[in-house]
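Report on the structure
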Amino acid sequence: MDGFLYYLNNFSVCFSKKGRSFFALKSINLDLFWGDCLGIVGCSGSGKTTLGRVLCGLEKNYSGSFIFPKSDCFFKNSVQLVYQDPFSSFNPKYTIGDSIAEIINLYKSKYSVSDLLNLVSLNQDLSKRFPFQLSGGQKQRASIARVLASNPRIIVFDESLSALDIETQFSILDLIRFINSILRITVVFISHDINSVYYLCDRVVVLN
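Now for a look at the structure at hand. (Residues numbered from 1 in each chain as written. Predicted model: local features only at pLDDT ≥ 70, side-chain atom pairs only at ≥ 80, totals over all residues. Heavy atoms only, no water.)

1. A look at the overall build of the chain
Counting its secondary structure elements, the chain contains seven helices and eight strands. Expected size for 208 residues packed as a compact globule is a radius of gyration near 17 Å; at 17 Å, the chain falls within 12% of this value. Of all 208 residues assigned to the chain, the portion counted as buried reaches 50%. Sequence separation of 24 or more characterises 72% of the internal contacts of the chain that already satisfy a separation of 6 or more. On the chain, roughly 10500 Å² of surface is accessible, and the fraction owed to carbon and sulfur atoms is 50%. A gap of 8 Å separates the mean positions of the 21 positive and 17 negative side-chain charges of the chain. (Helix = DSSP H or I, 4+ residues; strand = E, 2+ residues; numbered from the N terminus. Rg over C-alpha atoms; globule rule 2.2 N^0.38 Å. Buried < 20%, exposed > 50% of the residue type's maximum accessible area, 1.4 Å probe, protein only. Contact = heavy atoms within 4.5 Å. Areas by Shrake-Rupley, 256 points an atom, 1.4 Å probe, with all protein chains shown as cover. Lys, Arg positive; Asp, Glu negative; His and termini not counted. Charge placed at Lys NZ, Arg CZ, Asp CG, Glu CD.)

What follows is the structure, encoded as structure tokens:
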């Protein structure tokens, strides 16, 4: 661990719907450090995705203390999210290579499309295919390659294995471990599967 990243103290997120209010998160205390691999587990409706959106800077309707690096464009330049459904990460009219190249150009990345496909263990020929031509595991690897193209320092994985078969899940878990331990990218791994979390993560937060 290389030092402080996030600190949440007595943190809550409240939503209103049809004149009624409810807490998605209530009185949360959490810290995260550079280099962490933090697991967040809980049943459906416990607020896991809301917490992930907070950590990505996408949810700002909160109370309590949320302390994070105040550098310019921190969330845009440093934090990325890998979604449960990898297909939603792609423009269906773009090839996989074009989708990755779009992010490389946007963030002026040090990587090439070939580099990123190698990092996520995908065959170079897949760069010419469209998203619908890939399996679920290949799409998720490609979506991770697209995230890596932005040179992130933190990646939040939000239930990113739940749509995959068991064998593919373990291969993606090993990829996430590589991203954390070798590429030194901080990982927040959100899941309802406690076994996957214990396999991957150094620390675990349980939401009730």
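2. Remarks on the nonpolar core
One broad trend across soluble globular proteins is that nonpolar side chains are buried collectively. Counting 37 residues, the largest nonpolar core has Ile100, Ile144, Phe157, Ile179 and Phe189 as its most contacted members. Among the elements of the structure, β3 (37-42), α3 (96-107), α4 (113-119), α5 (136-148), β6 (154-158), α6 (166-181), β7 (186-191) and α7 (194-200) are those that each provide at least two residues to this core. Contacts of Ile100, omitting those with residues within four sequence positions, involve Val113, Leu116, Leu117, Ala142, Ala145, Arg146 and Ala149. Membership of the second largest hydrophobic core comes to 28 residues, among which are Trp34, Val156, Ile190 and Val205. (Core = buried A, V, L, I, M, F, W, Y, C linked by side-chain atoms within 4.5 Å.)

3. Observations concerning the pattern of salt bridges
Pairs may arise between side chains of opposite charge once their charged atoms sit close together. Throughout the structure, instances matching the rule amount to four salt bridges. Where Arg203 meets Asp31, a salt bridge forms, and the shortest distance between an N and an O atom there is 3.2 Å. Residue Arg203 is located in strand β8 (residues 203-207), and its partner Asp31 is located in strand β2 (residues 20-33); the two are separated by 172 residues in the primary sequence. The salt bridge partner of Asp36 is Arg203, with a shortest N-O separation of 2.6 Å. (Salt bridge = Lys/Arg side-chain N within 4 Å of Asp/Glu carboxyl O.)

4. Looking at the pairing of β2
Of the strand pairs in this sheet, strand β1 (residues 4-17) and β2 are connected by 10 bridges, and their pairing is antiparallel. The residue bridging Lys17 from the neighbouring strand is Arg20, located in β2. Counted along the chain from β1 to the antiparallel partner β2, the turn is two residues long, and its residue Lys18 has a positive phi close to 55°. (Pairing = 2+ DSSP bridges.)

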